Amino acid sequence: MLVGGLSPMMRKLSLKLYKEGHRIYVLSGNRNPSNHYDYAFEKYDFPYDSASIEEVFQSVNPDVTILLGAFDGNLSGEDPKREAIQYAAGLQNILLSWSALEKGRLIYLSSAEVYGNSHQIPVTESIRPVPRGIRPLMLFQGEESCRFYQEQLKKDVLILRVDRIHDVPKDRREAAFGICQRKCLDAFRNGAVSYRKNHKYGLTYMGDAVESIYKLVACESHKYGFYHISSGEAYSELQIAEAIGKYLGKELEKIDNTLEEQNSVILSNERIKEEFGFQIWCEPEETIQKTLSYMKKHSGRFLDRTHPGLDIWHRIYFKTMELFGALVPYIENLILFIPFFMLNNRATGSQFFSKIDFYLIYVLLFAVVHGQRQATFSALLAAAGYLFRQMYNQSGITVVTDYNTYVWIAEIFILGLVVGYMKDQLQFLKEEKEQEVDFLSERVTDIADINDSNLRVKEGLITQVVNYDYSFGTVYDLVEQLEEDHPAKILFHAIELIQNVMDCQDVSLYRINEEEYARLFGYTSIKAASMRHTVHLPDKAPLYEAFSRREVYLNRDMDPEYPMMAYCIFEEEKMEMMILLWSIPFERMTIDESNRLIITSKLIQKAVKRSAAYLDLLRNERYQDESPALKPEAFEELVHTYYGAGEKNLTEYILLRVISAEAGMEKAGLIISGMLRDTDYIGYRNDGNLYILLTSTDRTGCGFVQKNLEKKGIRTLISEEMGL
């Protein structure tokens, strides 16, 4: 049994079930018998809250019941609040009636709309929705009602959240069901399309969604009660606009309406893919191409009758229909005049009906039904009929000059015009009241939207105040604790500090040399190290431009190649370090967060400079005579620092032990020093051997270093000590 009004999803789902040999019953949810449901064995036109719903379920006794929910054609959106109240009440009636059967499976179709907040990563079924607005709240309440029967009553209930659907629409009404279809219609009608670069959707082909729904209809068992149906691929409004411009066939005006507020909700399909499999049969760009091609072939279904892009045959058709529509009331008037003319002629010589004025009844009838214009026309016809009948017994001159004739005509016109005027005024007042109601309803909707926005801002500010554990004074106190001897140790502690202060799990720190090459120093996750170990900053234009202006970089375009927030620390005019934050939510890209990052970075820089100055004073005590090699005590401390950071997965490093050197160990230190980067170290350990510490290096990179050293007559071996 399919429960829902006529919609594209209803048609596609019915077709799929019919092809698979199922008998389909439809509960339409309205009393409109004119809607035709293809492939339905039986249709029941009852509202959802009807008392007859229980009898319908008992009669049909369905094995599977599918509630179309988000794809219900009865939810037009014209009056969201009223529709939400009626649907909530009707849904409870349906669930109660279904549960009384004590058999079968129920599937409720929800959508990604229930996730009101933006999410940077695909949304899994475990993430609880936070609906924003009347329709998303209605769908979420439907989910909760079904969840009650699923968890508390242990019924076989499935809740499916379907991502944004794309498909080829058949007319203007169907084009309103999806973002792709709406954009195509706007472009086809107006030659312009608007887009927001920071709005992304997990566009899913209708056929793919129907196929997944059918798998859950036909399966004998399932592991979970919630599934997401989605392509899992992000598609931005800018990509939609570019695809439309590619296939429209004429110049397209692209209007950039990008604002700071980001909206990115892509449902994760990992659960359903793992259990039932999921395959993408049609990409959004292919759908856009087919949609525009279909619109060009059937322009009359998508364009208004006054649109200049309409072809000549459709223009002629619409003009003819418009003319015929305007003439219908007059034709109706003429046709009804004939029986009234005949009645008047018959009644004139009658003993009982001669006092009845049928023309007066005729004029009043049209005045009451159609108003002043048709009353005037019917009065003219009545006057003509009266004069014609009077000329049966009198000459035309006598009838025209008769005083009673003018009194009767005046009576007909006065009554017709007055009643018609009253009808028009009542109709005007009714339309005016309806317009006022519509206007006020729109105002209420706008006020509700504004209120929702204000509530989100208020909640954000409350959260910011309540959770403001890291004020600038607190940050300063934390940074002051970085009183370590070596800058490397400070920086590793600083990465963890930034992770806590900025509430960001994915943090990386790069050190920058004079050639503006950034070398990865430390990171907290694989994602944080996704920009590779070495980066030439001028090649990363967005980052480089922001750093050149000494500003915090904010990734408002949500480009996955770049961090969400970044800041570069300068030493006079030279770039020294950059801090990258990869998982800051879009709503936290604020001046407050930027200032916190700047101040934290500068305080860390201050601690590093203080430590570096201190180490410079102790240079003679730390280095082996005039050699660039560190003494055992200093080098052991450095190795322990990197070992601790490696244990916390903050960095990668390799420790090489020098086995032999043709030029001798003393000269080997000078040779090795000239071949290493600024971030690498050489020194002696307590065993008396010379070692090389390669920072931010894995075994692959180490192999290249060993080969270059062998060319200089220096043989090395990877040390397995300290957990290496």
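First, a word on scope: everything that follows refers to the structure included in this document. What you are looking at is a predicted structure, and each value in this text was computed from that prediction instead of being measured. (Residues numbered from 1 in each chain as written. Predicted model: local features only at pLDDT ≥ 70, side-chain atom pairs only at ≥ 80, totals over all residues. Heavy atoms only, no water.)

1. Focus on the overall build of the chain
When helices and strands are tallied, the chain shows 23 helices and 24 strands. Relative to its 724 residues, the chain shows a buried fraction of 44%. Intrachain contacts of the chain at a sequence separation of at least 6 include 68% that bridge at least 24 residues. Here the chain displays about 37,800 Å² of accessible surface, and carbon together with sulfur accounts for 53% of that area. (Helix = DSSP H or I, 4+ residues; strand = E, 2+ residues; numbered from the N terminus. Buried < 20%, exposed > 50% of the residue type's maximum accessible area, 1.4 Å probe, protein only. Contact = heavy atoms within 4.5 Å. Areas by Shrake-Rupley, 256 points an atom, 1.4 Å probe, with all protein chains shown as cover.)

2. Let's talk about the pairing of strand E23 (residues 690-695)
Within E23, six of the six residues are buried, which leaves the element mostly enclosed by the surrounding structure. Of the two faces of E23, both are covered, the one formed by Leu690, Ile692 and Leu694 as well as the one formed by Tyr691, Leu693 and Thr695. By the bridge criterion, five bridges tie strand E21 (residues 653-661) to E23 in an arrangement that is antiparallel. Among the inter-strand pairings, tyrosine 653 is bridged to a residue of E23, identified as threonine 695. Where strand E22 (residues 681-684) hands over to E23, the hairpin turn is made up of five residues, of which glycine 688 adopts a positive phi near 90 degrees. (Pairing = 2+ DSSP bridges.)

3. So, the packing of helix H3 (residues 80-99) against helix H4 (residues 134-151)
It is the contact of H3 with H4, at a shortest axis distance of 10 Å, that shows an interaxial angle of 15 degrees. Of the possible angle classes, the one that applies to H3 and H4 is roughly parallel. Pair H3 / H4 crosses with right-handed handedness. Along the contact surface, H3 presents Pro80, Lys81, Glu83, Ala84, Tyr87, Leu91, Gln92, Leu95, Leu96 and Ser99, while H4 presents Ile134, Met138, Gly142, Ser145, Cys146 and Tyr149. Among the residues forming the contact of H3 with H4, the class breakdown is 10 nonpolar, four polar and two charged. (Axes fitted to C-alpha atoms, helices over the stretch in contact; angles between N-to-C directions. Parallel < 35°, antiparallel > 145°, perpendicular 65-115°, else oblique. Left-handed = near helix turned anticlockwise from the far one by under 90°. Nonpolar A, V, L, I, M, F, W, Y, C, P; charged D, E, K, R; others polar.)

4. Focus: the environment of tyrosine 362
Mapped onto the secondary structure, tyrosine 362 falls in helix H12 (residues 358-370). Taking the C-alpha atoms as reference points, tyrosine 362 and serine 378, separated by 16 residues in sequence, lie 7.4 Å from one another. Excluding residues within four positions of it along the chain, tyrosine 362 makes contact with Asn333, Leu336, Phe337, Phe340, Ser378, Leu381 and Ala382.

5. Quick notes on the side chain of serine 378
Summarising the element assignment, serine 378 is placed in helix H13 (residues 372-390). Excluding anything up to four places from it in sequence, serine 378 contacts Asn333, Tyr362, Val363 and Phe366.

6. Re the sheet that holds strand E14 (residues 263-265)
Strand order in the open sheet formed by three strands is E12-E9-E14, and the pairing between neighbours is mixed. Both edges of this open sheet fall to strand E12 (235-236) and E14, since each of them pairs with a single strand only. Bridge analysis of strand E9 (residues 199-201) against E14 gives three bridges, and the strand direction is parallel. When the bridges of E14 are listed, histidine 199 appears paired with asparagine 263.

7. Here we look at a negative patch on the surface
Among the surface-exposed residues, Glu431, Glu434, Asp438, Glu442, Asp446 and Asp449 lie close enough to one another that they form a single negatively charged patch. Along the polypeptide, aspartate 446 turns up in helix H15 (residues 403-466). With a relative accessible area of 41%, aspartate 446 lands in the partly exposed category. (Patch = residues over 30% accessible without salt bridge, like charges linked within 9 Å, V, L, I, M, F, W, Y side chains within 5 Å. Salt bridge = Lys/Arg side-chain N within 4 Å of Asp/Glu carboxyl O. Lys, Arg positive; Asp, Glu negative; His and termini not counted. Charge placed at Lys NZ, Arg CZ, Asp CG, Glu CD.)

8. Regarding the sheet that holds strand E4 (residues 64-67)
Spatial ordering of the open sheet is given by E3-E2-E1-E4-E5-E6-E11, a layout of seven strands whose pairing is parallel. Sheet topology places strand E3 (42-47) and strand E11 (226-229) at the edges, where each strand pairs with a single neighbour. Sheet analysis places strand E1 (residues 2-3) next to strand E2 (residues 25-29), joined by two bridges and oriented parallel. Opposite leucine 2, over in E2, you have valine 26 as the bridge partner. Taken strand by strand, H3 contacts E1, E4, strand E5 (105-111) and strand E6 (157-162), and its axis lies near 160 degrees from that of E5.

9. Section: the packing of helix H6 (residues 179-190) against helix H8 (residues 237-247)
Look at H6 against H8: their axes get within 10 Å of each other, and the N-to-C directions meet at 45 degrees. Taken together, the axes of H6 and H8 lie oblique to each other. As H6 packs across H8, the resulting crossing turns out to be right-handed. In this structure, H6 uses Ile179, Cys180, Lys183, Cys184 and Ala187 to contact H8, whose residues at the interface are Glu237, Ile240 and Ile244. In terms of residue class, the contact of H6 with H8 is built from six nonpolar, no polar and two charged.

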